[in-house]
Amino acid sequence: MPASQAVPPTQSVLSPLTASALFLVVTVDDGGEEAVRELLADLAGLERSVGFGYPGGGLSCVAGIGSAAWDRLFDGPRPAALHPFTELTGPRHHAVATPGDLLFHLRATRQDLCFALTALIMERLRDAVTVVDETPGFSYYDNRDLLGFVDGSENPVGLAAADAVVVGDEDPDFAGGAYVITQKYLHDLAAWNALPVETQELIVGRRKFDNVELDQPGSHVDLNTITDPDGTEREILRDNMPFGRPGSGEFGTYFIGYARTPEVTERMLRNMFLGSGPTSHDRILDFSTPVTGSLFFAPAAGFLEDPPGPPAKGAGADAPPERSPGG
């Protein structure tokens, strides 16, 4: 059954790209579980409260839950493919795994709306969580990253996007949800901009000016094209955003990829960091370093509004074992 049919309403994972975003990742403190459960149940209402007066603001918020936090928050089954982010150590580059129990991905046409909703979230969670990353993002020119290339032009749209991103009857308890992988990349723009444009284009696999895809084996585009043995191309939905502080010399891209299964995004990352065929690694990593790496599950909207009960005391001892990073 395609994910676009007969599934519970999703959170706003399929919302279009906006001019502003904010990515908030936190860990849940011991004893903070009930405050988190209450906040997640009220999140849609808080979003409406902030966004109601600005109907053109496009405010949305997706909440994702990490593997380590799931069994602390909810009783019953867990999403079939939810596990910790898999750390990757390649011949030259390293995809780090970093703490993350909750992800809040906020989008709007205006940064003040993202700010206002984040402030309300943290007002409720201030004594229950520890913030590990808070990154505001912005649209740059015509949807380009800070390397100067258009980002996300191959995103699926419409029914194809829903089918690629939304869990269906393969995991019926969690239909309507989606898996989310995030990485925060810092760019060495001085080194990148020292390259001729033609070299940059061969690394990326696209022309810089008009975004036309190049037939370039081993390029970033090539390594991120995932095809099954039967020739079916597997897609994810990228909502990447540039971020930075020029005064501090910080320039980056916040990668966020939604998918029906994390396995597709993980295959992309293995190609990038561990190589594929004669290609030892994605050459874009010579100029872009990930400083975070986390995996979350964003449940269907109804799950958050009416979640299962909390786990029984001591139930954590019987929870499924975590998969260690790297395995």
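Scroll up a little and you will see the structure.
Now for a quick tour of the structure. (Residues numbered from 1 in each chain as written. Predicted model: local features only at pLDDT ≥ 70, side-chain atom pairs only at ≥ 80, totals over all residues. Heavy atoms only, no water.)

1. A look at the nonpolar core
If you look at the biggest cluster of nonpolar residues, it comprises 62 residues, and the most contacted ones within it are Leu40, Ile65 and Phe104. In this view, Ile65 contacts Leu40, Trp70, Leu73, Phe74, Leu82, Asp101, Leu102, Phe296, Phe297, Pro299 and Leu304; residues no more than four positions away in its chain are not counted. (Core = buried A, V, L, I, M, F, W, Y, C linked by side-chain atoms within 4.5 Å. Buried < 20%, exposed > 50% of the residue type's maximum accessible area, 1.4 Å probe, protein only. Contact = heavy atoms within 4.5 Å.)

2. Overview of the side chain of Lys184
With respect to the helices and strands, Lys184 occurs in strand S7 (residues 178-187). A polar contact is formed between the side chain of Lys184 and the side chain of Thr135, at a distance of 3.0 Å. (Helix = DSSP H or I, 4+ residues; strand = E, 2+ residues; numbered from the N terminus. Polar contact = N/O pair within 3.5 Å; in protein donor to acceptor, adjacent residues only side chain to side chain.)

3. Focus: the packing of helix H1 (residues 33-51) against helix H3 (residues 111-125)
It is the contact of H1 with H3, at a shortest axis distance of 10 Å, that shows an interaxial angle of 155°. Judged by the angle between their axes, H1 and H3 are roughly antiparallel. In terms of crossing hand, the pair formed by H1 and H3 is right-handed. Contacts between H1 and H3 involve Ala35, Val36, Glu38, Leu39, Asp42, Leu43, Leu46, Glu47 and Val50 from the former and Leu113, Ala116, Leu117, Leu120, Ile121, Arg124 and Leu125 from the latter. Residues belonging to the contact of H1 with H3 are distributed by class as follows: 12 nonpolar, no polar and four charged. (Axes fitted to C-alpha atoms, helices over the stretch in contact; angles between N-to-C directions. Parallel < 35°, antiparallel > 145°, perpendicular 65-115°, else oblique. Left-handed = near helix turned anticlockwise from the far one by under 90°. Nonpolar A, V, L, I, M, F, W, Y, C, P; charged D, E, K, R; others polar.)

4. Digging into unusual backbone geometry
One non-glycine residue, Asn143, lies in positive phi territory at about 60°. Residue Asn211 is not a glycine yet carries a positive backbone phi of 70°.

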